[in-house]
Amino acid sequence: MAALLNATGLSRRTLMRGLLAGGAFMATGGALAACGTKPVKKPEASGSPACIGTDASATEKKINFSNWPLYMDVDKNDEKKRPTLDAFQTKTGITVSYNEDVNDNNEFFGKVRHQLQACQSIDRDIMVLTDWMASRVVGLGWVQPFDNSKTPNFTKNVLATLRNRPWDKDMNHAAPWQSGLTGMAYNAKVTKEIRTVDELLTRPDLKGKVAVLAEMRDTMGLILLAMGKDPADVSEADFDAGIEKLKKAVDSGQIRKFTGNDYKEDLAKGDLAACVAWSGDIIQLAAEDGNIKFVTPESGLMLWSDNIVIPSSATHKANVEQLIDYYYDPKVAAELAAYVNFICPVQGAQEAMRQIDPELADNPLIFPDAGTLGKVHAFKPMTEAEDKRFAAKFEAVSGA
C-alpha cells in the first residue's frame, strides 16, 4: 500500500513545479525550532490575551512572511523579483523577508506548536494556513487579531462567500490569501471525458491510470459528495463508508497512487489518464496543453482557502495590517491572481484583471460565477482529536 503514495508524502502544493520549500526554509535563517529569542508577554495560561508579542512596527519596518511555494507573483525575466511585493516595500518602506516554508499544514504546525504554546517567538509575523488549520490555531488562541480599522480594503473587498466564517465571525483573525477548487482532471489524448467521481474510481478503461490527492479533505470530500453526503456535516459512519469506497478502488488497482502536486507532470505526460486535481494547477497545465481538462464532478466541488494569520508571538502586527490592506486593493489582487491562477478572494479584482488578461477575467476557476459557487462545498471544521481519527483511517488506505 505504501507504494501508492508519492515519494515525498507531502500534499497540497508541496512540490509545485519541483520546488522544495524545505530548501528555502533553511536558507532564511534556520528552522523555526531554533527561534524563540524575542520577548513575548507570557501569561499564566497559553491562549490568553496577554500572550501577545509586543508590536515593534513603529521602529522596525519589517515583516517575516511564511507562505506556500509559488504563491507570489514572480517577474518572468528575473525570478528574484516579486513585482507586487517589491512595490509594497517601495510604497511603505517595510522590508519583507519572504519564506516559501509552508510545505504542509500538519508539518508546519508541528514546527511551531510548542513555541506558540509556550508563548515563544517563531520569528514569523505571517503564516499562511488552510481553513481547517487556521481555525485550529485561532481556537487555540495562538493567533492575534488584527485591527479592522487598519485594513479597510480587506473589510470592504473580501468576497461575500468568505465573510463571517464560523471560526472568524468578526473577520479579524484570518485574511484569505487565495482560494481554490478541488475537482477532477483528465488528459483527452489518452482517455475520453469523465463526469463523475464514480467513473474515476470504477471505469475499467481508467484502471491503473488514476491518482487521488494525499490531502484527506480533498479526496474524501469528493467521495462523500458522490455518495450524497455533505462534507460540512459528515458523521463518522458516513466517513467510514467513504473510506471503504476508496479502499475498494485502491485494492482493485483502479488508483495508481496518492499524490501531492506531482500529479501535474504525470497527467501532462499521459502517464495518468485522470485524477483528483486543484483548479489553479489545471489552469496552468491547460494553458500549455489544451488536452488537459478540468472537470466539475456532477456531485460538486470542494472549496478551500489559505489564510494570512498573525502568530500570537508576532512583533510587527501593524506592518502586517498594511500588507493585508495592500493585497486587498483590487488592482494588486488582480496582478497576483494573474500569476498564481487560483480563486481571487477580492471583489473588484475581476474588473481590474480585464486590463491585464481578459481571458483570465472570464475564467470561472479564478473568478467563480454563481453557477460555479452553487456547486462548491467545504469540509467541516474538526477538533484535533477528531482530525487524528479521520486522518488515521485515510492514511491506513493511502499508505502515508
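Residues numbered from 1 in each chain as written. Predicted model: local features only at pLDDT ≥ 70, side-chain atom pairs only at ≥ 80, totals over all residues. Heavy atoms only, no water.

(A) Fine view of the overall build of the protein. Along its length, the protein carries 16 helices and 10 strands. Counting across all 400 residues of the protein, residues that qualify as buried make up 55%. Across the protein, every contact between residues at least 6 apart in sequence was considered, and the portion connecting residues at least 24 apart equals 77%. (Helix = DSSP H or I, 4+ residues; strand = E, 2+ residues; numbered from the N terminus. Buried < 20%, exposed > 50% of the residue type's maximum accessible area, 1.4 Å probe, protein only. Contact = heavy atoms within 4.5 Å.)

(B) Representation of unusual backbone geometry. With phi around 60°, C119 is a residue other than glycine that occupies positive phi space. With respect to the helices and strands, the residue C119 is situated in the loop between helix 3 (105–117) and strand 3 (126–130). Even without glycine at this site, N341 takes up a positive phi of about 65°. Secondary-structure assignment places N341 in the loop between helix 12 (330–340) and helix 13 (349–353).

(C) A look at the environment of E60. Mapped onto the secondary structure, E60 falls in the loop between helix 1 (21–27) and strand 1 (62–66). Look at E60 and you get partly exposed, because its relative accessible area is 31%. Along the primary structure E60 and H316 are separated by 256 residues, whereas in three dimensions their C-alpha atoms are 7.6 Å apart. Contact partners of E60, with chain neighbours within four places excluded, come to H316 and N319.

(D) Up close: the packing of aromatic side chains. What the rule picks out here adds up to 13 aromatic pairs. With a centroid separation of 5.0 Å and an interplanar angle of 85°, the aromatic rings of F154 and Y328 are classed as edge-to-face. Residue F154 is located in helix 5 (residues 152–157), and its partner Y328 is located in the loop between helix 11 (317–327) and helix 12; the two are separated by 174 residues in the primary sequence. Taken as a pair, F154 and Y328 share a single burial class, namely buried. Lying over the aromatic face of W132, R217 brings its terminal NZ or CZ to 3.7 Å of the ring centre. (Phe/Tyr/Trp six-rings, centres within 6.5 Å; stacked < 30°, edge-to-face > 60°. Lys NZ or Arg CZ within 6 Å of the ring centre and 35° of its normal.)

(E) Structural view of helix 2 (residues 83–92). Among the residues of helix 2, those classed as buried are T84, L85 and F88. Taken end-on, helix 2 shows its buried residues confined to a sector of 100°, consistent with a single buried face. On the buried face of helix 2, the contacting elements are strand 1, strand 2 (95–99), helix 11 and helix 12. (Arc of directions from axis to C-beta.)

(F) How the structure looks around helix 3. Over its 13 residues, helix 3 runs 17 Å from end to end, which matches the ideal 18 Å to within 8%, given 1.5 Å per residue. Approximately 40° is the largest bend angle found in helix 3, and it occurs at K111. Taken as a whole, helix 3 has its buried residues at N105, F108, F109, V112, Q115 and L116. The inward-facing, buried residues of helix 3 contact strand 1, strand 3, helix 4 (131–140) and helix 16 (384–398). Phi turns positive one or two residues past the end of helix 3, at C119, with a value near 60°. (Expected span 1.5 Å × (residues − 1). Bend = angle between axes of the 7 residues up to and from the residue.)

(G) Here's a closer look at the state of the cysteines. All chains considered together, the criterion is met by 1 disulfide. What pairs with C51 in a disulfide is C119, and their sulfur atoms sit 2.1 Å apart. One disulfide, between C51 and C119, carries an S-S torsion of -135° and so falls in the left-handed class. Of this pair, C51 sits in the loop between helix 1 and strand 1 while C119 sits in the loop between helix 3 and strand 3, and the two are 68 residues apart along the sequence. Here C51 matches C119 in class, with each residue buried. (Disulfide = S-S within 2.5 Å.)

(H) Broad picture of the side chain of S279. Along the chain, S279 falls in helix 10 (residues 279–288). Leave out the neighbours within four places in its chain, and S279 touches G180, L181, F294, F342 and L365.

(I) Quick peek at the environment of V112. As for its placement among the helices and strands, V112 is situated in helix 3. With relative accessibility at 2%, the residue V112 sits in the buried group. Taking the C-alpha atoms as reference, V112 lies 6.5 Å from I122; in sequence the two are 10 residues apart.

(J) Representation of the pairing of strand 3 in the model. The buried count for strand 3 comes to 5 of 5 residues, which makes it a mostly enclosed element. The alternating pattern of strand 3 places I126, V128 and T130 and M127 and L129 on opposite faces, both of which are buried. Two strands pair when backbone bridges link them, and strand 1 and strand 3 are joined in this way by 2 bridges, in the parallel orientation. Each bridged residue has a counterpart across the sheet, and for F65 the counterpart in strand 3 is I126. Pairing analysis gives 4 bridges linking strand 3 to strand 9 (residues 301–309), with the strands arranged antiparallel. Pairing of T130 across the sheet is with D306, part of strand 9. (Pairing = 2+ DSSP bridges.)

(K) Spatial organisation of the side chain of N64. Locating N64 in the fold gives a position in strand 1. A distance of 3.2 Å separates polar atoms of two side chains, one belonging to N64 and the other to D123. The residues contacting N64, other than those within four sequence positions of it, are S97, N99, D123, R124, D125 and I126. (Polar contact = N/O pair within 3.5 Å; in protein donor to acceptor, adjacent residues only side chain to side chain.)

(L) Fine view of the pattern of salt bridges. Applying the stated criterion across every chain yields a total of 20 salt bridges. For R203, the salt bridge is made with D205, and the minimal N-O distance between the two is 2.8 Å. The class for R203 is buried, based on a relative accessible area of 10%. Here R217 and D387 are joined by a salt bridge, their closest N and O atoms 2.9 Å apart. Taken together, the residues R217 in helix 7 (residues 216–226) and D387 in helix 16 connect sequence positions 170 residues apart. (Salt bridge = Lys/Arg side-chain N within 4 Å of Asp/Glu carboxyl O.)

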